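One letter stands for each residue in the lines below.
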Amino acid sequence: MILRRSEPGPEQDATTDHDGRPDHDEPISRPDPGVEPVSTQALGTQTEIPPRERGAEPQPAVAAEPVGVPEEPPSPQPPVFQAPPEYGKPHERAGKPRGIPEIGRAAPDMVVDGADFRTLTVRGASLRGDDHRYSGTTRQDSMGLWTLRHPWEGEVLLACVADGVGSQPLSHRGSELACRLLRAEVEPYVADLLDVGERSRRDEAARQLIERVALRMRGDIQDFGTDPRTLSTTLVVALVELTSVEAPRNCFVFGVGDSTALLLRDGAFRGLWTDKHGDGAISDSRTDALPGHVGSVATAEARLGGDDALVICTDGLANPMRGEEVEEHLVRQWSSRPVPGLLEFAWQLSFRAKSYGDDRTAVCVWGR
Amino acid sequence: MSQQILPFYLVCDESSSMMGGPIDAINKSLPVLHQEIGSNPVVADKTRFALISFNHQAQVLLPLSDLSIVSSVPSLTASGGTDYEVAFNLLYDTISQDVAKLKADGHQVLRPAVFFLTDGQPNPNNWVAAYQRLTDPAWGLRPNILAFGFGEADSAIIQQVATVLGFVADGSLGPAGALQEFAQSLIQSIVSSGTSADANGGMSLSAPEKVSGFRTVPADVV
């Protein structure tokens, strides 16, 4: 791809444009592998989204005609989109969405959500993986964001992500159902889940809530007339108090299966519980899943400071994050101010990394 | 850049009894495999393919490779005897080196898959000990093995070599026809292993349940 400035003027940073967007001479969703990069990064290296200048007036993308008038004025260059970063040179046809899924209640390709609260910011996105795009099959991940009334004062943010087990035919329904039933069942448990004095009470409330969701799922599955395993899904839940103006805020996170919870603090991600894939020579792909194999319920307490970010995500993000390039890039993007906008967050999550074609879902909560 | 990788090894008997139709059938199928795997982004980005041939010796004809970037796959030449011991020992060493290299490069490696193809009974030697080392449950890198026998292959030996499933030609197809079916099942297995996500959205060996022209035999419990 070739960067071209849309108007003459002072030298600008190679990746920063006046309106916060890079200019290109062609709409790029995929670089042409036959074309040598001219003035920007080659495939396989990361590209940085330019920092935005909040409040800056957008500039016209078309250059004003300079005085002195060339005989042929430059043709208008429409504003164009910078493709998300790529890592490891993915196959040139990776991620082409080759069809609309032909199944009942197929999930849309992506969901983007979020809110700017007075004391917190939350962003969430659930993206169909490149494998599902190429095969024309549905996204199996789901996510949810809600606010609940706090048992004592104010409100609580409830966030969840769910990863429908890839090999199961109705797991897209399973992940969506788990999120929906979590919301339906959570309120009687909120007081115990947020009780900072009693860890055992929190853990027990988490287990009871998860089992309640699994029970409801099994009940609903009878309506499907199918084996409960066909709806298998992981589920990770975060509850964050919205009441406290002074950081840090009280958070409680719990989940079943190999989806993950992380805390971004001081420029590094830290897992809130042990990675179940282990560090063996061969990657272990087994996972606990709702509704049939709840297994152990992982739980973690966290205090979310003003410079921290709490992340819950499916392994479509956690797996490529084992690569240092991806991790370092996300650290930079999610540590900097301001917090990314809704579409910017989805763009950041849309990076393409060779061999990682799974659905990718993350919710980030910033303490600012 | 860290990747998650499922390594496939095709271990192919090229003893003198493979001469003619059988070896031609395999050699015709390898470019098809190259084309089908290399052009499929879902599969090509996640699988690596290696070709090992053996008679009384064993050699790596194609080191573990990304088929979307290799220009061609070598062909086999029939001659010599049938020594499983050298094949299993080379496979053990090759898998050890390949996984160590992939891990050193920061990749996540899934359990290797082996397609073992033979048309004859092995030379009597220590092949069972070499096989046991390769499939020892205590060896973390032990591969999943699908074994295919045709021609004079002994079904009891195929059953013994397989850890997942074995397939023995049932005589309904000639050797060349049976090997074309074998090649098709190999391609299908690689494609479906790369595309059908397992429990965590990763990959694992997707074995064919039936192969036309072959009778399915269960693997001995290792």
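Residues numbered from 1 in each chain as written. Chains lettered and ligands numbered in written order. Predicted model: local features only at pLDDT ≥ 70, side-chain atom pairs only at ≥ 80, totals over all residues. Heavy atoms only, no water.

As annotated in an unreviewed UniProt entry, chain B is VWFA domain-containing protein from Sphaerimonospora thailandensis.

If you look chain A up in an unreviewed UniProt entry, it shows as PPM-type phosphatase domain-containing protein from Sphaerimonospora thailandensis.

Student: Whenever I open this one, a nonpolar patch on the surface confuses me. Can you help?
Tutor: Residue and element names in this part refer to chain A. On the surface, Met 110, Val 112 and Leu 342 cluster together into a nonpolar patch covering about 220 Å² of accessible area. Note that Val 112 resides in strand β2 (residues 110-116). Taking the relative accessible area as the measure of exposure, Val 112 reaches 31% and is therefore partly exposed. (Patch = residues over 30% accessible without salt bridge, like charges linked within 9 Å, V, L, I, M, F, W, Y side chains within 5 Å. Areas by Shrake-Rupley, 256 points an atom, 1.4 Å probe, with all protein chains shown as cover. Salt bridge = Lys/Arg side-chain N within 4 Å of Asp/Glu carboxyl O. Helix = DSSP H or I, 4+ residues; strand = E, 2+ residues; numbered from the N terminus. Buried < 20%, exposed > 50% of the residue type's maximum accessible area, 1.4 Å probe, protein only.)

Student: Would you mind going over the side chain of A:His132 with me for this structure?
Tutor: Summarising the element assignment, A:His132 is placed in helix α1 (residues 130-135). With relative accessibility at 13%, the residue A:His132 sits in the buried group.

Student: Sorry if this is basic, but what is going on with the interface of chain B and chain A here?
Tutor: Reports of interface size often rely on the accessible area that becomes lost once the parts have come together. Chain B puts 30 residues into the contact, and the matching count from chain A is 33 residues. Between chain B and chain A, roughly 2500 Å² of surface is buried when both sides are summed, and carbon and sulfur atoms account for 54% of that area. For the interface between chain B and chain A, the tally reads two salt bridges. Here B:Lys46 ties to A:Asp131 by a salt bridge, and the two come within 2.2 Å at their closest N and O atoms. Scanning the region where chain B abuts chain A turns up nine residue pairs in polar contact (both at pLDDT 80 or more). When residues of the side of chain B that touches chain A are traced back to their parent elements, those giving at least two are α2 (41-44), α3 (84-104) and β4 (108-109) of chain B. Here the side of chain B that touches chain A gets three residues from one element, more than from any other, and that element is α2(B). Classifying every residue of the side of chain B that touches chain A by side-chain character gives eleven nonpolar, twelve polar and seven charged. (Contact = heavy atoms within 4.5 Å. Buried area = accessible area lost by both parts, 1.4 Å probe. Polar contact = N/O pair within 3.5 Å; in protein donor to acceptor, adjacent residues only side chain to side chain. Nonpolar A, V, L, I, M, F, W, Y, C, P; charged D, E, K, R; others polar.)

Student: Would you take a moment to explain α3(B) for this structure?
Tutor: A turn of α-helix holds 3.6 residues, and therefore any two residues three or four places apart point the same way. All names here are of chain B. Here α3 is 21 residues long and its end C-alpha atoms lie 30 Å apart, about the 30 Å a rise of 1.5 Å per residue gives. Along α3, the residues that are buried comprise Tyr 84, Ala 87, Phe 88, Leu 90, Leu 91, Tyr 92, Thr 94, Ile 95, Asp 98, Val 99 and Leu 102. Where α3 begins, the capping side chain belongs to Asp 83, and its oxygen is found 2.8 Å from the backbone nitrogen of Glu 85. Count one or two residues on from α3 and you reach Gly 106, which has phi positive near 90°. (Expected span 1.5 Å × (residues − 1).)

Student: Explain the environment of B:Lys210 here, please?
Tutor: Residue and element names in this part refer to chain B. Here Lys 210 is to be found in the loop between α6 (175-195) and β8 (214-218). Taking the C-alpha atoms as reference, Lys 210 lies 8.8 Å from Ser 185; in sequence the two are 25 residues apart. Each residue touching Lys 210, except ones within four places of it in the same chain, is listed here: Phe 167 and Thr 216.

Student: Looking at this model, I keep getting lost on the packing of helix α6 (residues 324-335) of chain A against helix α7 (residues 342-349) of chain A. Mind explaining?
Tutor: For any two helices packed against each other, one specifies the inter-axial angle together with the distance between the axes. All names here are of chain A. It is at 11 Å that the axes of α6 and α7 come closest, and there the two elements cross at 170°. With respect to α7, the element α6 is oriented roughly antiparallel. Here Leu 330, Gln 333 and Trp 334 of α6 lie close against α7, whose contacting residues are Phe 345, Trp 347, Gln 348 and Leu 349. For the contact of α6 with α7, a count of residues per class yields five nonpolar, two polar and no charged. (Axes fitted to C-alpha atoms, helices over the stretch in contact; angles between N-to-C directions. Parallel < 35°, antiparallel > 145°, perpendicular 65-115°, else oblique.)

Student: Sorry if this is basic, but what is going on with unusual backbone geometry here?
Tutor: Note: most residues except glycine have negative phi, and most peptide bonds are trans. Residue and element names in this part refer to chain A. The step from Leu 290 to Pro 291 runs through a cis peptide bond, and the omega angle for that step is -5°. Within the secondary structure, Pro 291 is located in the loop between β9 (268-271) and β10 (298-304). Between Arg 337 and the following residue, Pro 338, the backbone shows a cis peptide bond with an omega angle of 0°. As for its position among the elements, Pro 338 is in the loop between α6 and α7.

Student: Looking at this structure, how should I read the packing of aromatic side chains?
Tutor: Geometry of an aromatic ring pair is reported as the spacing of the ring centres plus the angle between the planes. All names here are of chain B. One pass over the full model with this rule turns up 21 aromatic pairs over all chains. Ring centres 5.9 Å apart and planes at 80° place the aromatic pair Phe 54 and Tyr 84 in the edge-to-face group. In this pair, Phe 54 sits in strand β2 (residues 47-54) while Tyr 84 sits in helix α3, placing the two residues 30 residues apart along the sequence. Note on Tyr 84: relative accessible area 0%, which makes it buried. (Phe/Tyr/Trp six-rings, centres within 6.5 Å; stacked < 30°, edge-to-face > 60°.)

Student: Please clarify how the side chain of A:Arg368 should be interpreted in this entry.
Tutor: Residues and elements named next belong to chain A. Looking at the element boundaries, Arg 368 is found in the segment after β13 (360-366). Within the buried core, Arg 368 has no salt-bridge partner, and the shortest N-O distance to an opposite charge, that of Asp 307, equals 4.6 Å. A distance of 3.1 Å separates the side chain of Arg 368 from the backbone oxygen of Ser 336, its partner in a polar contact. (Lys, Arg positive; Asp, Glu negative; His and termini not counted.)

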